[in-house]
Amino acid sequence: MIKKIAWDAFKNTGDINAFLELKQIETIENNIKDIQQITNLNSNEVINNTNQKVD
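Reading the values: rules and limits
- Chains are numbered independently. Their residues run from 1 in the order of the written sequence.
- The predicted origin of the model limits local features to residues at a pLDDT of at least 70 and limits the giving and counting of side-chain atom pairs to 80 or more, whereas totals for whole chains, interfaces and linings rest on all residues.
- For the side-chain quantities, the full set of heavy atoms in the structure was used; hydrogens and water were omitted.
- Helix numbers and strand numbers start at the N terminus; a helix is a DSSP run of H or I with at least 4 residues, a strand a run of E with at least 2.
- In this scheme, a residue with accessible area under 20% of its type's maximum is buried, one over 50% is exposed, and one in between is partly exposed, where area comes from a 1.4 Å probe on protein chains only.
- Computed with a 1.4 Å probe, the accessible areas rest on the Shrake-Rupley method; for each residue, only the protein chains presented here act as cover.
- Between 30 and 60 degrees the pair is tilted, below 30 it is stacked and above 60 it is edge-to-face, where a pair is any two Phe, Tyr or Trp rings, Trp via its six-membered ring, whose centres lie within 6.5 Å.
- Within 3.5 Å is the distance limit for a polar contact, defined as a pair of N or O atoms, with the added protein rule that one can donate a hydrogen and the other accept it, and that residues adjacent in sequence qualify only through two side-chain atoms.
- Contacts were defined at the residue level, with two residues in contact if any of their heavy atoms lie within 4.5 Å.
- Within this document, salt bridges are pairs made up of a side-chain nitrogen of Lys or Arg and a carboxyl oxygen of Asp or Glu, the two lying within 4 Å of each other.
- A helix is expected to reach a length of 1.5 Å times the quantity of its residues less one.
- This arc is built from the directions going out from the helix axis to the C-beta atoms.

Asker: Report on the overall build of the protein, specifying residues and quantitative values.
Answerer: Scanning the protein from terminus to terminus reveals two helices and zero strands. Here the protein holds 55 residues, and the buried ones make up 9% of them. Element-wise, carbon and sulfur atoms account for 56% of the exposed surface of the protein, whose accessible area totals about 4,800 Å².

What follows is the structure, given as structure tokens:
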């Protein structure tokens, strides 16, 4: 979605910087999603390990 917004901003303004800035935001969002997935995996692993020790 941001890619489309970035492209539309570039088409409307002709300003490549607007496109590049929005692309950077898209990259940051993707990195945040990756970090959240890793954090969730690590949290689940800790929970699973804790449950195994209790049993």
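What follows continues from the structure just given.
Asker: Describe in detail the packing of aromatic side chains, supporting the description with residues and values.
Answerer: Applying the stated criterion across every chain, the model contains three aromatic pairs. Site record: aromatic cluster; members linked through ring pairs are Trp7, Phe10 and Phe19.

Asker: Now, about the side chain of Glu26: what can you tell me, with residues and values included?
Answerer: Within the fold, Glu26 resides in helix H2 (residues 16-54). Of note is the side chain of Glu26, whose polar atom sits 2.7 Å from the side chain of Lys23.

Asker: Just give me the short version of the environment of Ala18, but keep the residues and values in it.
Answerer: Mapped onto the secondary structure, Ala18 falls in helix H2. In this structure the C-alpha to C-alpha distance between Ala18 and Trp7, which are eleven residues apart in sequence, comes to 8.9 Å. Those residues in contact with Ala18, other than ones at most four positions away along the chain, are Ala9 and Thr13.

Asker: Which residues make up the pattern of salt bridges, and what values go with them?
Answerer: In total, this model carries three salt bridges according to the counting rule given. Note that Lys11 and Asp8 form a salt bridge whose closest N and O atoms lie 3.6 Å from each other. With Lys11 and Asp8 both in helix H1 (residues 2-13) and three residues apart, this pair spans about one turn of that helix. Take Lys11: its relative accessible area is 52%, and that puts it in the exposed class. A salt bridge links Glu26 to Lys23, with the nearest nitrogen and oxygen atoms 2.7 Å apart. Of this pair, Glu26 and Lys23 both sit in helix H2, three residues apart, which is roughly one turn of the helix. The class for Glu26 is buried, based on a relative accessible area of 18%.

Asker: So what's going on with H1? Residues and values would help.
Answerer: Here H1 contains twelve residues, and its C-alpha end-to-end distance of 16 Å stays within 8% of the 16 Å for a straight helix at 1.5 Å per residue. Within H1, burial applies to Ile2, Ala6 and Ala9. The buried residues of H1 occupy an angular sector of 60° when the element is viewed end-on, so they sit on one face. Exposed residues pointing more than 90 degrees away from the buried face of H1 are listed as Lys3, Lys4, Lys11 and Asn12. Trailing H1 by a residue or two, Gly14 shows a phi angle of about 75°, which is positive.

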